[in-house]
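As a plain string of letters, each chain reads:
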Amino acid sequence: MSKPIITFENVSKRFGKMTAVDDVSLTIHEGEFFSLLGPSGCGKTTLLRMLAGFETPTEGRILIDGQDISNTPPNRRPVNMVFQSYAVFPHISVADNVAYGLVVDKVAKAERDRRVEEALELVQLGGLGHRKPDQLSGGQRQRVALARALVKRPRVLLLDEPLSALDAKLREQMRTELCTLQEKVGITFIMVTHDQDEALALATRCAVMSRGVLQQVATPNDLYEFPASRFVADFIGSVNLFEGVLAVDEPSHAVIRSPDLPVDIFLDHGVTGARGGAVWAAIRPEKIELHKKDGDAAPNLGDAPKGTNAVAGVIKHEAYLGGSSTYEVEIASGRRVKVQRSNLTRWDQEDFKLGETVWLCWHACSPAVLLS
Amino acid sequence: MSKRSAPGPLEYLRRWQMQAWLAAVAIFLYAPLVALMAFSFNDSRRNIVWKGFTLKYYDKLFNDSALLEAFGNSLTIAAVSTVLSLFLGAAAALVLWRFRFPGKTALDGALALPIVVPEICMGVAMLVFFARVMPWPQGLPWPLNLGAIIIAHVSFSFPFVAVVVRARMASFNREMEEAARDLGAGEFRTIKDVILPHMAPSLVAGALLAFTLSLDDFVITFFTAGPDTVTFPVKVYSMVRFSVTPEVNAASTVLIVLTVLLTAAALKLQGDPAATAGHGAGDAK
């Protein structure tokens, strides 16, 4: 991986008795699109604001390009920010907004004009420079905020919930544009968001935070398929968690026995680091298959011994989402299992009815084993 | 005749009772002013019967050196006290908006005192203050002799500026300030480029408020003014003591027109109708 650009070294931030950020150590590399993800109040915004210079760490250091900037005021940091409210200055024109950072830096007028023009073109606002911010739509105002930050050619661009104020259609469009923009300018982006879809779609790497603590730092794919803890598994996407014990743990396979399930969960790999305590099997709803129940013979997907990885239940709830349908299936223990099924043909939705008894089964590689 | 639909619950202006009420309000508010202005053009010593149109009382007015001097005093006091109130009021509002410090609530309350304390009490307080605590030196050349009145005026008008400015700052988006800092501006540059422009409409409104408050103040001025520092309202009062002559009408008309023009100018300068909301505070006086 390319060289580190930002390093948090054991950074903590306390407001009075409240700990907003708790001993975070994190390295972000050049050219990454990094996302800080977590529920509101998890400390992700505080982390970003410390990077921008609006808060100073109570403990620890923040380095940019190896330089300690923990106590540098925001106007002397090589980072720029796109604010949640965009914070476009309402009393000056779009071009003046974009030029502001250059004027403050005393960049010569000719170069300033050229760079402002470039930046406006970059965010597709060419020709709108003379407008006042109140003549722009929300999406356009955000582009102004982007141009205003990018025109300063920062080492790192910080984005605070950049898409939260846009409506659904525009949000999707801006997602793609942010990606393209980042590839074009090659600047490291750090984005704070509480929207997991946004983080998964945009980021090259994500940090999941909860109550001020870093839970996991990984690529979106790893976060989803190999979550490190129940919190991450549950926060990213939807999941069925079964608490149990490891009945068998061999290098080639393992078996988890859960009181919630009448059958064992068979895994096609061993579990490392298990200490004999409770473990959790996390199975994503789309990784559970629904099968018609004709007769008592459980279906077998071929990669697990008979009598494992298949359980009967009754469909108690269904939700049609267009591209897919989700079901809640109640099994013998009374536990409801979430199942998601893609509607591959136009009649798929009609395959399973409310109240129908069905088989649920999954592959031996599908459950993720969690130790915490 | 086709019937119009019955007025809806919120269409107050289509009910005749409301229209009559509005008309009555307008008449009681403005009829005295209109009468006052009309009779300033009346060609008669008495203010009762209309005799004919004349401008001679305006002519008289502009040749009455005592009245002109009082008018000049009033304008000077108003201008100086407006500038001072603007600085003090805006600074107080900024401090209360921006910082947390011990005694903030107390200061906040104390700031409202000059607004709520009865004017007559303020007047007596000023009299005692300038007589006993800090006598303003007598016999100073103009305009220094107006100092006592200016101080008195600043003390009751800057809280109005502070209130208006603070109300405006409540709608300020702190991210604007952070954005300016983020883009490289220092603290003072941020105040100049971002905070002041946001504050501007309230500064105009506050200045207008301070100016008119000072220009038409009678009670407090009456207690602080000396024989050689008569202001326009005090002068008018002394003229009325003998009889209400058309000169008084003419003088009042000039004052009214001046105030209306200033208000109109300020409103036009502001452009932002929302910012004038705070101006209503002055009516409570």
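As the structure is a computational prediction, the values presented were derived from the model and not from experiment.

1. Digging into the overall build of chain A
In step 1: If you tally the helices and strands in chain A, you get eight helices and 20 strands.
In step 2: In terms of overall dimensions, chain A has C-alpha extents of about 80 × 50 × 35 Å along its principal axes.
In step 3: Per-residue burial over chain A gives 39% buried out of 372 residues.
In step 4: Long-range contacts, defined as pairs at least 24 residues apart, comprise 62% of the intrachain contacts of chain A with a sequence gap of at least 6.

2. Description of the overall build of chain B
In step 1: Check the secondary structure of chain B and you find 11 helices and zero strands.
In step 2: In terms of its C-alpha atoms, chain B occupies a principal-axis envelope of roughly 80 × 70 × 30 Å.
In step 3: Expressed as a percentage of the 285 residues in chain B, the buried residues total 33%.
In step 4: In chain B, 77% of the contacts between residues at least 6 apart in sequence involve partners at least 24 apart.

3. Re the packing of helix α3 (residues 65-98) of chain B against helix α8 (residues 187-215) of chain B
All names here are of chain B.
In step 1: Running from amino to carboxyl end, α3 crosses α8 at an angle of 140°, the nearest separation of the two axes being 8 Å. Considering their axes alone, α3 and α8 lie oblique with respect to each other. Classified by chirality, the crossing of α8 by α3 is right-handed. Contacts between α3 and α8 involve Ser 74, Ile 77, Ala 78, Ser 81, Thr 82, Ser 85, Leu 86, Gly 89 and Ala 90 on the former and, on the latter, Met 199, Leu 203, Gly 206, Ala 207, Ala 210, Phe 211, Ser 214 and Leu 215.
In step 2: Split by residue class, the contact of α3 with α8 holds 10 nonpolar, seven polar and no charged.

4. Brief notes about the interface of chain B and chain A
One frequent convention defines the size of an interface as the accessible area lost when the parts assemble.
In step 1: Contacts between the two partners involve 14 residues from chain B and, on the opposite side, 17 residues from chain A.
In step 2: The element that contributes the greatest number of residues to the side of chain B that touches chain A is helix α7 (residues 174-182) of chain B, accounting for six residues.
In step 3: For the side of chain B that touches chain A, the residue count by class is six nonpolar, three polar and five charged.

5. A short note on the sheet that holds strand β14 (residues 279-283) of chain A
Residues and elements named next belong to chain A.
In step 1: If you trace the five strands from one edge of the open sheet to the other, you get β13-β12-β11-β14-β20, paired in antiparallel fashion. Edge positions in the sheet fall to β13 (265-267) and β20 (368-370), since each has one partner strand and no second. Taken pair by pair, the neighbouring strands of this sheet meet at an average axis angle of 40°, ignoring direction.
In step 2: As defined by bridge partners, β14 adjoins β20 across three bridges and the pair is classed as antiparallel. Paired with Trp 280 across the strands is Leu 370, a residue of β20.

6. Concerning the domain arrangement of chain A
Residues and elements named next belong to chain A.
In step 1: For chain A, the assigned domains are domain 1 (4-230) and domain 2 (238-370).
In step 2: On a C-alpha basis, the centroid separation for the pair domain 1 and domain 2 is 40 Å.
In step 3: Across the boundary between the two partners, domain 1 contributes five residues, which contact five residues of domain 2.

7. Overview of the sheet that holds strand β10 (residues 213-218) of chain A
Residue and element names in this part refer to chain A.
In step 1: Read from one edge of the open sheet, six strands run β6-β7-β8-β3-β9-β10, paired in mixed fashion. A strand with exactly one partner marks an edge of an open sheet, and here the two such strands are β6 (79-82) and β10. Ignoring strand direction, the axes of neighbouring strands in this sheet form an average angle of 20°.
In step 2: Taken together, the four bridges between β6 and strand β7 (residues 156-160) define a ladder with parallel strand orientation. If you follow Val 82 over to β7, its bridge partner there is Leu 159.
In step 3: Relative to the sheet, helix α4 (residues 138-150) contacts β6 and β7, its axis offset from that of β6 by approximately 175°.

8. Comments concerning the domain arrangement of chain B
Residue and element names in this part refer to chain B.
In step 1: Here the domain parsing of chain B yields domain 1 (12-43) and domain 2 (57-282).
In step 2: Here the C-alpha centre of domain 2 lies 29 Å away from the C-alpha centre of domain 1.
In step 3: At the interface, six residues of domain 1 touch seven residues of domain 2.
In step 4: Of the residues contributing to the side of domain 1 that touches domain 2, the split by class is four nonpolar, two polar and no charged.

9. With respect to the confidence of the model for chain B
In step 1: Overall, the predicted model of chain B reaches an average pLDDT of 84, with 92% of residues at or above 70.
In step 2: Across chain B, the secondary-structure element scoring lowest on mean pLDDT is helix α11 (residues 246-270) of chain B, at 80, and the one scoring highest is α7 of chain B, at 93.

10. A word on the nonpolar core
In step 1: Ranked by size, the top nonpolar core spans 107 residues in total, and within it Leu 51, Val 98, Ala 147, Leu 158, Ile 190 and Leu 360 of chain A carry the most contacts.
In step 2: In this structure, Leu 51 of chain A is in contact with Ile 6, Ile 62, Val 79, Leu 158 and Ile 190 of chain A, ignoring residues within four places of it in sequence.
In step 3: By size, the runner-up hydrophobic cluster in this structure holds 48 residues, among which are Ala 92, Phe 158, Leu 203 and Ile 220 of chain B.

11. Here we look at the packing of helix α6 (residues 147-169) of chain B against α8 of chain B
Residue and element names in this part refer to chain B.
In step 1: Remark: α6 packs on α8, axes separated minimally by 9 Å, with the N-to-C direction vectors making an angle of 155°. In terms of axis orientation, α6 runs roughly antiparallel to α8. Seen along the crossing, α6 lies across α8 with a hand that is right-handed. Contacts between α6 and α8 pair His 153, Ser 157, Phe 160, Val 161, Val 164, Val 165, Arg 168 and Met 169 from the former with Met 199, Pro 201, Ser 202, Leu 203, Ala 205, Gly 206, Leu 209, Ala 210, Leu 213 and Ser 214 from the latter.
In step 2: Taken together, the residues of the contact of α6 with α8 sort by class into 12 nonpolar, five polar and one charged.

12. Focus: the pairing of strand β18 (residues 336-342) of chain A
All names here are of chain A.
In step 1: As judged from the seven bridges shared by strand β17 (residues 324-331) and β18, these two strands associate in the antiparallel manner. Opposite Glu 330, over in β18, you have Arg 336 as the bridge partner.
In step 2: Here β17 folds back onto β18, and the loop between the two strands holds four residues, one of which, Gly 334, carries a positive phi near 90°.

Cut-offs used in this document
Within every chain, residues take consecutive numbers counted from 1 along the sequence as written. Working convention: letters from A go to chains and numbers from 1 go to ligands, in the order in which they are written. Side-chain atom pairs in this predicted model are given and counted only at pLDDT of 80 or more, local residue features only at pLDDT of at least 70, and totals for whole chains, interfaces and linings cover all residues. Counting from the N terminus, the helices are the DSSP runs of H or I reaching at least four residues and the strands are the DSSP runs of E reaching at least two. As a rule, residues whose C-beta atom has 12 or fewer other C-beta atoms within 10 Å are exposed, those with 20 or more are buried, and those in between are partly exposed; C-beta atoms are placed from the backbone. It is the C-beta atoms, placed from the backbone, that decide contacts: two residues are in contact if theirs lie within 7 Å. Each axis is a line fitted through C-alpha atoms, taken for helices only over the stretch in contact, and angles between the N-to-C directions span 0 to 180 degrees. What sets the label is the angle itself: under 35 degrees gives roughly parallel, over 145 gives roughly antiparallel, 65 to 115 gives roughly perpendicular, and the rest give oblique. Handedness of each helix crossing follows the sense of rotation of the near helix against the far helix: counterclockwise by less than a right angle gives left-handed, clockwise gives right-handed. Charged means Asp, Glu, Lys or Arg here, nonpolar means Ala, Val, Leu, Ile, Met, Phe, Trp, Tyr, Cys or Pro, and polar covers whatever is left, Gly included. When DSSP finds at least two bridges between two strands, those strands are taken to pair. Residue ranges assigned to each domain were obtained from an automatic or database domain assignment. For every residue, the predictor reports its confidence as pLDDT, a number between 0 and 100. The nonpolar core is taken to be a set of buried Ala, Val, Leu, Ile, Met, Phe, Trp, Tyr and Cys residues joined by way of C-beta atoms within 7 Å.

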